[in-house]
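Chain by chain, the residues run as shown.
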Amino acid sequence: MVRSFLSLHVEAPLERVRAWARERTLGAGVYLVPDPPWVSLYPEALEAQEDPQAIRAFLEELSQLGRALAFLVLAEEELLFLLAEGGKVLAELAQGTELGERLMAPSELKPLLEKASRMPPVSAVQALAAHFGLHPDHAALGFLDLLEAEEEGDLPEEVIYLE
């Protein structure tokens, strides 16, 4: 099965993220997964839209809480990675027909993104997540993956669902 997924992550306390996300469910569900110092967000509406501009806007807002990351993989072939802080995107890696080709990063991150650009998208997501101290499995999940786990009763207790 070919997967597409979106995951967002922010270095911030769970309660702040929960309060922030509660106002921004976009009329759909959002899963929150705490993994201190990170909280991962899986918004159903954004994943369904697959709109890079909407993801960028959401991440810029989220990054007001702390350093934030976004990973979008389309059909396991295209990749969008964004790093934002203080409301601004500081680094971006985009690859694929739909997403275009872009690499923008501060000099200290450029070699990391160049290396990731040569990897298959899911592997790149896991490598980038590990670099930032985020659990690689949390980065390579999406809303539909968590929904499926919930239906099968395999969702960890600490996962929070907002709608």
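Counting of residues starts from 1 at the beginning of each chain's written sequence and follows it residue by residue. Residue-level local features of this predicted model are given only where pLDDT is at least 70; pairs of side-chain atoms are given and counted only at 80 or more, and the full residue set underlies all totals for whole chains, interfaces and linings. To obtain the side-chain values, all non-hydrogen atoms of the structure were used and water was disregarded.

Only DSSP runs of H or I with at least four residues qualify as helices, and only runs of E with at least two residues qualify as strands; both kinds are numbered from the N terminus onward. Each helix and strand in the protein was counted, giving seven helices and eight strands. For a compact globule the rule gives 2.2 Å times the number of residues to the power 0.38, and the radius of gyration it is set against comes from C-alpha atoms. In terms of overall dimensions, the protein is globule-like: its C-alpha atoms have a radius of gyration of 15 Å, near the 15 Å expected for 163 residues. Overall, the protein is about 40 × 35 × 25 Å in size when its C-alpha atoms are taken along their principal axes. Partly exposed residues are those whose accessible area sits between 20% and 50% of the maximum for their type, while under 20% is buried and over 50% is exposed, using a 1.4 Å probe and protein chains only. Out of the 163 residues belonging to the protein, those deemed buried represent 48%. When checking whether two residues touch, look at their non-hydrogen atoms; a contact exists if any pair is within 4.5 Å. In the protein, once contacts between residues fewer than 6 apart in sequence are set aside, the share between residues at least 24 apart is 58%. About 7,800 Å² of surface is accessible on the protein, with carbon and sulfur atoms providing 49% of the total. Note that His is not counted, nor are the chain ends; the positive residues are Lys and Arg, and the negative ones are Asp and Glu. A charged residue contributes its charge at one atom only: NZ of Lys, CZ of Arg, CG of Asp or CD of Glu. Measuring between centres, the 12 positive side-chain charges of the protein sit 10 Å from its 29 negative side-chain charges. Areas reported as accessible are Shrake-Rupley estimates using a 1.4 Å probe. Residue values count occlusion only from the protein chains shown.

Below, the discussion takes up helix α7 (residues 143–151). Of the positions making up α7, those classed as buried are Phe143, Leu146 and Ala149. Down the axis of α7, the sector holding all buried residues measures 125 degrees, keeping them to one side. More than 90 degrees from the buried face of α7, the exposed residues found are Leu144 and Glu151. Note that the arc is computed from the directions linking the helix axis to the C-beta atoms.

Opposite charge on two side chains permits pairing when their charged atoms draw close. By convention in these notes, a salt bridge is any Lys or Arg side-chain nitrogen within 4 Å of a carboxyl oxygen on Asp or Glu. Inspection of the entire model under this criterion finds six salt bridges. The shortest N-O distance in the salt bridge between Asp145 and Arg3 comes to 2.8 Å. Separated by 142 residues along the polypeptide, Asp145 in helix α7 and Arg3 in the segment before β1 (5–11) bring together distant segments of the chain. Classification of Asp145 as partly exposed rests on a relative accessible area of 22%. For Arg56, the salt bridge goes to Glu92, with nearest N and O atoms at 2.8 Å. Of this pair, Arg56 sits in helix α3 (residues 52–62) while Glu92 sits in strand β6 (residues 88–95), and the two are 36 residues apart along the sequence. This pair shows no difference in class: Arg56 is buried, exactly as Glu92 is.

Distances and angles like these do not, on their own, reveal function.
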